[in-house]
2 protein chains.
Amino acid sequence: MSNIPYKTYLEESEMPKQWYNVRADMKNKPAPLLNPGTHKPMTAEELSVVFCDELVQQELNDTDAYIDIPEEIREFYKMYRPSPLVRAYCLEKALGTPAKIYYKFEGNNTSGSHKLNSAIAQAYYAKKQGLKGVTTETGAGQWGTALSMACAYFGLDCKVFMVKVSYEQKPFRREVMRTYGASVTPSPSETTNVGRKILAEHPGTTGSLGCAISEAVEVAVGSEGYRYVLGSVLNQVLLHQSVIGLECKAAFEKIGVKPDMIIGCAGGGSNLGGLIAPFMGEKLRGEADYRIIAVEPASCPSLTRGKYAYDFCDTGMVCPLAKMYTLGSGFIPSPNHAGGLRYHGMSSTLSQLYDDGLMEARSVEQTSVFEAAQFFARTEGILPAPESSHAIRAAMDEAIKCKETGEEKTILFGLTGTGYFDMVAYQKYNDGEMTDYIPTDEDLAKGFAGLPEI
Amino acid sequence: MSNIPYKTYLEESEMPKQWYNVRADMKNKPAPLLNPGTHKPMTAEELSVVFCDELVQQELNDTDAYIDIPEEIREFYKMYRPSPLVRAYCLEKALGTPAKIYYKFEGNNTSGSHKLNSAIAQAYYAKKQGLKGVTTETGAGQWGTALSMACAYFGLDCKVFMVKVSYEQKPFRREVMRTYGASVTPSPSETTNVGRKILAEHPGTTGSLGCAISEAVEVAVGSEGYRYVLGSVLNQVLLHQSVIGLECKAAFEKIGVKPDMIIGCAGGGSNLGGLIAPFMGEKLRGEADYRIIAVEPASCPSLTRGKYAYDFCDTGMVCPLAKMYTLGSGFIPSPNHAGGLRYHGMSSTLSQLYDDGLMEARSVEQTSVFEAAQFFARTEGILPAPESSHAIRAAMDEAIKCKETGEEKTILFGLTGTGYFDMVAYQKYNDGEMTDYIPTDEDLAKGFAGLPEI
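Residues numbered from 1 in each chain as written. Chains lettered and ligands numbered in written order. Predicted model: local features only at pLDDT ≥ 70, side-chain atom pairs only at ≥ 80, totals over all residues. Heavy atoms only, no water.

### Remarks on the overall build of chain A
Then, number 1: Within chain A, the regular secondary structure consists of 18 helices and 15 strands.
Then, number 2: For 454 residues, the compact-globule estimate of 2.2 N^0.38 gives 22 Å, and chain A sits close to it at 21 Å.
Then, number 3: Expressed along its principal axes, the backbone C-alpha trace of chain A runs to roughly 60 × 50 × 45 Å.
Then, number 4: The buried share of chain A, taken over its 454 residues, is 66%.
Then, number 5: Considering only contacts in chain A between residues 6 or more positions apart, those separated by 24 or more positions represent 77%.
Then, number 6: When the accessible surface of chain A is split by element, carbon and sulfur atoms take 50% of a total near 15,500 Å². (Helix = DSSP H or I, 4+ residues; strand = E, 2+ residues; numbered from the N terminus. Rg over C-alpha atoms; globule rule 2.2 N^0.38 Å. Buried < 20%, exposed > 50% of the residue type's maximum accessible area, 1.4 Å probe, protein only. Contact = heavy atoms within 4.5 Å. Areas by Shrake-Rupley, 256 points an atom, 1.4 Å probe, with all protein chains shown as cover.)

### Things to note about the domain arrangement of chain A
Residue and element names in this part refer to chain A.
Then, number 1: Considered domain by domain, chain A is made up of domain 1 (7-14 + 81-112 + 241-448) and domain 2 (18-68 + 115-228).
Then, number 2: Look at where the C-alpha atoms of domain 1 and domain 2 centre, and you get two points 22 Å apart.
Then, number 3: If you look at the interface, domain 1 gives 38 residues, while domain 2 gives 39 residues.
Then, number 4: Of the roughly 3,000 Å² buried at the junction of domain 1 and domain 2 (both faces included), carbon and sulfur atoms supply 62%.
Then, number 5: It is S111, L321 and F421 that lose the most area in domain 1 upon contact with domain 2, and together they represent 20% of the buried surface on that side.
Then, number 6: Joining domain 1 to domain 2, the criterion identifies two salt bridges.
Then, number 7: Close ionic contact of K170 with D422 constitutes a salt bridge, the shortest N to O distance being 3.2 Å.
Then, number 8: Run the count over domain 1 and domain 2 and you get ten residue pairs in polar contact (both at pLDDT 80 or more).
Then, number 9: Elements that contribute at least two residues to the side of domain 1 that touches domain 2 include exactly α11 (235-255), α12 (270-284), β12 (307-312), β13 (321-326) and α14 (348-355).
Then, number 10: At six residues, the largest contribution of residues to the side of domain 1 that touches domain 2 is made by α12.
Then, number 11: For the side of domain 1 that touches domain 2, the per-class residue count stands at 17 nonpolar, 13 polar and eight charged. (Domains from an automatic or database assignment. Buried area = accessible area lost by both parts, 1.4 Å probe. Salt bridge = Lys/Arg side-chain N within 4 Å of Asp/Glu carboxyl O. Polar contact = N/O pair within 3.5 Å; in protein donor to acceptor, adjacent residues only side chain to side chain. Nonpolar A, V, L, I, M, F, W, Y, C, P; charged D, E, K, R; others polar.)

### Details of the side chain of S389 of chain B
Residue and element names in this part refer to chain B.
Then, number 1: With respect to the helices, strands and loops of the structure, S389 is situated in helix α16 (residues 386-405).
Then, number 2: Given a relative accessible area of 0%, S389 falls into the buried group.
Then, number 3: Among the polar contacts made by the side chain of S389, one reaches the main-chain carbonyl oxygen of A385 at a distance of 2.7 Å.
Then, number 4: Setting aside anything within four residues of it in sequence, one finds S389 in contact with V369, A373, P384 and Y426.

### Quick word on the nonpolar core
Then, number 1: Counting 183 residues, the largest nonpolar core has W19 and M359 of chain A together with W19 and M359 of chain B as its most contacted members.
Then, number 2: When residues in this core are grouped by element, the largest group, nine residues, is from helix α11 (residues 235-255) of chain B. (Core = buried A, V, L, I, M, F, W, Y, C linked by side-chain atoms within 4.5 Å.)

### Side note on the relation of the copies chain B and chain A
Then, number 1: Structural alignment of chain B on chain A gives an RMSD of 0.0 Å, achieved by rotating through 180 degrees and translating 0.0 Å along the axis. Look at the turn and shift together and you get a two-fold axis relating the two. Measuring from the rotation axis to each C-alpha of chain B, the shortest distance belongs to N108 of chain B, at 3.0 Å.
Then, number 2: Same-surface contact between copies: 100% of interface residues of chain B are shared with the interface of chain A. (Least-squares fit on C-alpha atoms with pLDDT ≥ 70 in both.)

### Brief notes about empty space enclosed by the protein
Then, number 1: Going through the model one piece at a time under the given rule, you end up with eight cavities of 30 Å³ or more.
Then, number 2: Of the voids in this model, the largest cavity is the one considered here, and its volume is about 490 Å³.
Then, number 3: Among the secondary structure elements, those contributing two or more residues to the lining of the largest cavity are α3 (71-80) and β5 (100-105) of chain A together with α3 (71-80) of chain B.
Then, number 4: Grouping the amino acids of the lining of the largest cavity by side-chain chemistry returns 25 nonpolar, 15 polar and four charged.
Then, number 5: Its boundaries defined by the atoms lining it, the second largest cavity holds a volume of some 110 Å³.
Then, number 6: Lining of the second largest cavity is provided by 14 residues; of these, V22, L238, L239, G273 and T349 of chain B occupy positions nearest its centre. (1 Å grid on protein atoms, 1.4 Å probe; cavity = no way out; pocket = protein on both sides within 12 Å on 5 of 7 lines; lining within 4 Å. Points joined across faces, edges and corners; volume = space filled by probe spheres on them.)

### Notes on the pairing of strand β6 (residues 133-138) of chain A
Residues and elements named next belong to chain A.
Then, number 1: Most of β6 is tucked away, with six of its six residues classed as buried.
Then, number 2: Burial along β6 is two-sided: G133, T135 and E137 facing one way and V134, T136 and T138 facing the other are all buried.
Then, number 3: Pairing between β6 and strand β7 (residues 157-163): six bridges, direction parallel. Residue G133 lies in a different strand from β7, and its bridge partner there is D157.
Then, number 4: Since β6 and β7 lie parallel, the crossover through helix α6 (residues 142-154) that links them has a hand, and here it is right-handed.
Then, number 5: Examined bridge by bridge, β6 and strand β9 (residues 226-228) share three bridges and lie parallel to one another. Each bridged residue has a counterpart across the sheet, and for T135 the counterpart in β9 is Y228. (Pairing = 2+ DSSP bridges. Right-handed = clockwise from strand over helix to strand, strands pointing away.)

### Here's the deal with the confidence of the model for chain A
Low pLDDT means the predicted atomic positions in that stretch should not be read closely.
Then, number 1: In this model, chain A carries an average pLDDT of 95, and 100% of its residues clear a pLDDT of 70 or more.
Then, number 2: The complex model carries a pTM of 0.96, and its ipTM stands at 0.95. (pLDDT = per-residue confidence, 0-100.)

### A short note on the interface of chain B and chain A
Then, number 1: Between chain B and chain A, the residue contacts involve 43 residues of the former and 43 residues of the latter.
Then, number 2: A buried area of about 4,000 Å², summed over both sides, lies between chain B and chain A, and 56% of it is on carbon and sulfur atoms.
Then, number 3: The interface formed by chain B and chain A contains two salt bridges.
Then, number 4: The partner of R178 of chain A in a salt bridge is D431 of chain B, with the nearest N and O atoms 2.8 Å apart.
Then, number 5: Scanning the region where chain B abuts chain A turns up 28 residue pairs in polar contact (both at pLDDT 80 or more).
Then, number 6: At the level of elements, α3, α6 (142-154), α8 (171-179), α15 (366-380) and α17 (423-430) of chain B are the ones that each hand at least two residues to the side of chain B that touches chain A.
Then, number 7: Here the element with the most residues in the side of chain B that touches chain A is α8 of chain B; it accounts for six residues.

### Describing the packing of aromatic side chains
Then, number 1: All told, the structure shown has 41 aromatic pairs over all chains when counted by the stated rule.
Then, number 2: When the ring of Y124 of chain A is compared with that of Y125 of chain A, the centres are 5.1 Å apart and the planes differ by 70 degrees; the resulting orientation is edge-to-face.
Then, number 3: Overall, Y124 of chain A belongs to the buried group, its relative accessible area being 9%.
Then, number 4: With a relative accessible area of 4%, Y125 of chain A lands in the buried category.
Then, number 5: Joined through ring pairs, the aromatic side chains of F76, Y77, Y80, Y124, Y125, Y153 and F154 of chain A make up one cluster.
Then, number 6: In this structure, K258 of chain B packs its charged tip against the face of Y290 of chain B, placed 4.6 Å from the ring centre. (Phe/Tyr/Trp six-rings, centres within 6.5 Å; stacked < 30°, edge-to-face > 60°. Lys NZ or Arg CZ within 6 Å of the ring centre and 35° of its normal.)

### A closer look at the sheet that holds β7 of chain A
Strand pairing in a sheet relies on backbone hydrogen bonds, with the paired strands running either antiparallel or parallel.
Residue and element names in this part refer to chain A.
Then, number 1: Across the sheet, four strands lie side by side as β8-β7-β6-β9; this open sheet has parallel pairing. Looking at the sheet topology across the chains shown, the edges are occupied by β8 (183-187) and β9. Between one strand axis and the next, the sheet turns through 25 degrees on average, direction left out of account.
Then, number 2: With respect to the sheet, α6 is in contact with β6 and β7, its orientation differing from that of β6 by roughly 165 degrees.
Then, number 3: Along the sheet face, helix α8 (residues 171-179) touches β6, β7 and β8 and points at about 170 degrees away from the line of β7. (Axes fitted to C-alpha atoms, helices over the stretch in contact; angles between N-to-C directions.)

### Regarding the sheet that holds strand β11 (residues 291-297) of chain B
All names here are of chain B.
Then, number 1: Strand order across the open sheet formed by seven strands is β1-β4-β5-β15-β10-β11-β14, with mixed pairing between neighbours. Of all strands in the sheet, those bounded by a partner on one side alone are β1 (7-8) and β14 (360-364).
Then, number 2: Bridge count between β11 and β14: five bridges; the pairing is parallel. Looking at β14, one finds that P297 is bridged to V364.
Then, number 3: Seen against the sheet, α15 touches β4 (85-87), β5 (100-105), β14 and β15 (410-415) and runs at an angle of roughly 95 degrees to β14.

### A few points about the side chain of S388 of chain B
Residue and element names in this part refer to chain B.
Then, number 1: Mapped onto the fold, S388 is located in helix α16.
Then, number 2: S388 gets classed as buried once you look at its relative accessible area, which sits at 0%.
Then, number 3: Not counting residues within four places of it along the chain, the set of residues in contact with S388 comprises C265, G414, L415, T416 and G417.

And the structure:
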């Protein structure tokens with residue numbers, strides 16, 4: 001066994017004091033958000049109707065490489081960060097691989113995932129602006145939980161629209177949010193115009209993320225002292241999540257290790273974008289090279305099978321248009337158990353980096369993902385979230401390749417969260433009842449048909 | 001804000017290499033286990049029918065103060081330990097107290113509690129003895145989960161008898177165990193003689209911990225290559241759990257702090273016994289003094305209202321007799337939501353220390369416990385287990401007293417686990433439907449009537 005510890009923690013004094021904004025080092029900047037009516041770039045003024053002022057500045061800032069993390073946020077980070085960089089000795093041994101596997105574990109907080117890194121930042125700026133509260137949507141529930149925790153900390157009201165099917169099937173996530181003082185409304189609801197309209201047109205619908213977004217935005221825009229916040233996709237969210245990669249890089253430097261490849265699961269892109277940020281910066285500046293691999297579900301393959309085009313971020317088509325790899329806002333992913341990866345598009349920043357050939361992408365099927373999840377749980381002790389397990393699958397596949405070739409590659413992957421609220425999915429897998437679903441070209445064509453002409 | 005970090009971690013090289021056996025420093029040793037038939041002290045030979053050989057030695061050893069932690073167990077500990085010693089700055093601020101509050105957090109592992117510290121030790125000795133597997137019972141599920149994880153790591157078969165009402169109401173705990181490869185049987189079951197007997201006498205019963213113990217013991221004794229393991233109460237378990245207190249003491253020494261009082265929840269006593277072990281050792285040797293406070297539910301008050309007497313450890317009366325503070329093995333606690341604290345008796349070691357006046361005890365009601373749990377979650381970010389929240393309640397009460405008196409006491413409490421699988425209880429609290437229950441003297445008299453005459 002080497003001298004490298006199982007877990008490397010930074011000292012609190014070594015924690016990042018600035019976020020890193022990868023856009024500053026990109027030659028080809030991500031395309032701007034467009035006004036869905038005029039198709040012109042959204043101005044700060046237009047965006048500030050929906051988002052907090054400082055977050056709008058962060059959203060539009062593609063020139064400053066470093067942005068100070070306010071002290072209040074750094075204090076909150078100290079409650080659950082630094083997260084450990086873990087050497088997966090037991091996994092390596094079980095696989096019999098010469099590869100050296102590391103993972104950055106973001107699940108050691110009550111929200112159960114990395115989402116808290118951006119939730120606390122967004123809540124802070126809302127508080128600083130003197131707002132009463134924020135609204136948001138949540139599907140699987142990680143983001144809503146993280147935001148509830150952040151709002152409880154700063155004494156902000158938090159209104160969460162939770163996709164109705166999740167609200168009913170995941171009562172425990174709902175109760176965590178309520179314990180933190182959030183109000184949780186099943187979407188579609190009778191409390192908004194858009195909700196009532198959808199309920200009238202589709203009585204008995206169990207809702208969708210797109211509908212919940214529309215309801216949350218409507219309430220934010222229509223309520224004095226409220227703004228809307230989002231947990232992924234946006235540039236500002238990737239900025240906040242850079243704390244993952246910055247900590248990770250500092251920890252590697254502490255133990256004198258440099259990864260060869262970096263693997264992360266990709267839904268909207270917040271975790272992957274945050275994990276790779278400083279490494280991608282080095283790559284963009286020509287200082288180092290890394291293989292960077294995005295892993296997505298075969299059932300929702302935006303990078304591997306999508307189109308790079310302007311599209312709506314929500315199914316209600318009220319949000320700005322974003323240029324991204326997308327399956328079309330009308331694409332309905334199959335009921336894959338990785339709820340956090342069931343989004344039709346991908347962060348504009350990551351889409352541009354992918355289009356520029358700076359990162360790879362692959363898709364994996366969910367039964368093989370749960371096989372990896374179970375293997376990981378039994379060897380490394382941590383029960384992973386289905387989303388994170390996509391990265392585990394790819395990391396294991398790369399480690400097995402190293403076994404075949406004898407190469408001693410150093411693999412880093414992001415373990416974004418724990419699966420404690422995903423046991424229905426594990427039960428299906430344990431009972432041998434999980435199936436795979438890969439959309440046909442015809443399925444995809446239907447989604448692409450809804451892309452706006454720009 | 002002081003220079004003390006939010007979280008103090010030991011380096012891996014600073015982690016304990018030996019467990020501390022507090023019995024070695026006790027002048028009045030805990031009373032021995034008695035054979036239920038002969039009322040004579042159980043011999044090693046008798047115990048080894050049920051327990052692994054080395055664990056029997058540990059159970060009977062009240063002279064060696066330090067026992068080496070085998071390297072294999074220390075390696076496993078490194079996967080999820082050291083656990084952090086946390087300074088609760090946010091809780092202090094929210095309470096406006098001059099007290100300094102620390103907690104040792106044992107919930108950052110998939111079992112969600114400290115139980116894994118002993119599970120991995122017991123699985124290791126079973127493996128070393130060449131056994132095929134182990135059997136156990138579980139109520140709320142923490143212990144069964146921990147044991148499943150430990151058995152998966154060492155490749156041992158794990159048969160868990162889960163109290164039927166929990167099996168049905170906590171399907172997610174069950175699925176975590178299954179994910180780690182354990183077989184989980186609802187108890188009472190048709191698979192054992194005692195289970196069939198109970199089902200015949202009480203058709204439709206939802207089971208009890210006592211019945212599940214009896215089934216697990218029957219299967220262990222009747223199967224080639226199996227032994228029975230238990231997650232609390234026993235001396236061996238307190239020995240393994242001393243890793244909590246040893247880490248805690250080392251972390252305090254690192255930051256130059258000495259606690260004035262140490263608070264822990266107490267069900268069977270494994271967490272409290274482990275947390276206080278090295279501090280109690282100093283107290284026993286006259287090297288230091290600490291206030292030590294056990295907190296139990298008002299609905300199951302073994303220390304505060306029980307009798308110090310020999311009693312059965314299980315309702316089936318097949319296990320050895322233990323001298324302990326007990327409510328009687330026939331006492332049926334109300335359906336309190338802290339399943340881990342619903343045990344009629346208390347560890348013999350802790351019972352003796354309490355009887356000798358070396359520690360205090362108090363009981364708290366569950367609505368005030370959940371009030372503290374919610375307050376803690378909102379200020380410190382971690383959603384605590386109902387069991388752990390008993391300690392939070394008492395620590396908050398002590399901190400509030402300090403506010404009144406102006407004393408700057410240093411308070412340490414054990415945060416044994418997280419409440420992610422206890423959301424039914426939180427839901428009841430959130431909905432205002434939680435009630436308290438305090439047994440009457442008549443209720444207790446019924447339990448005492450069943451005490452054996454010895």
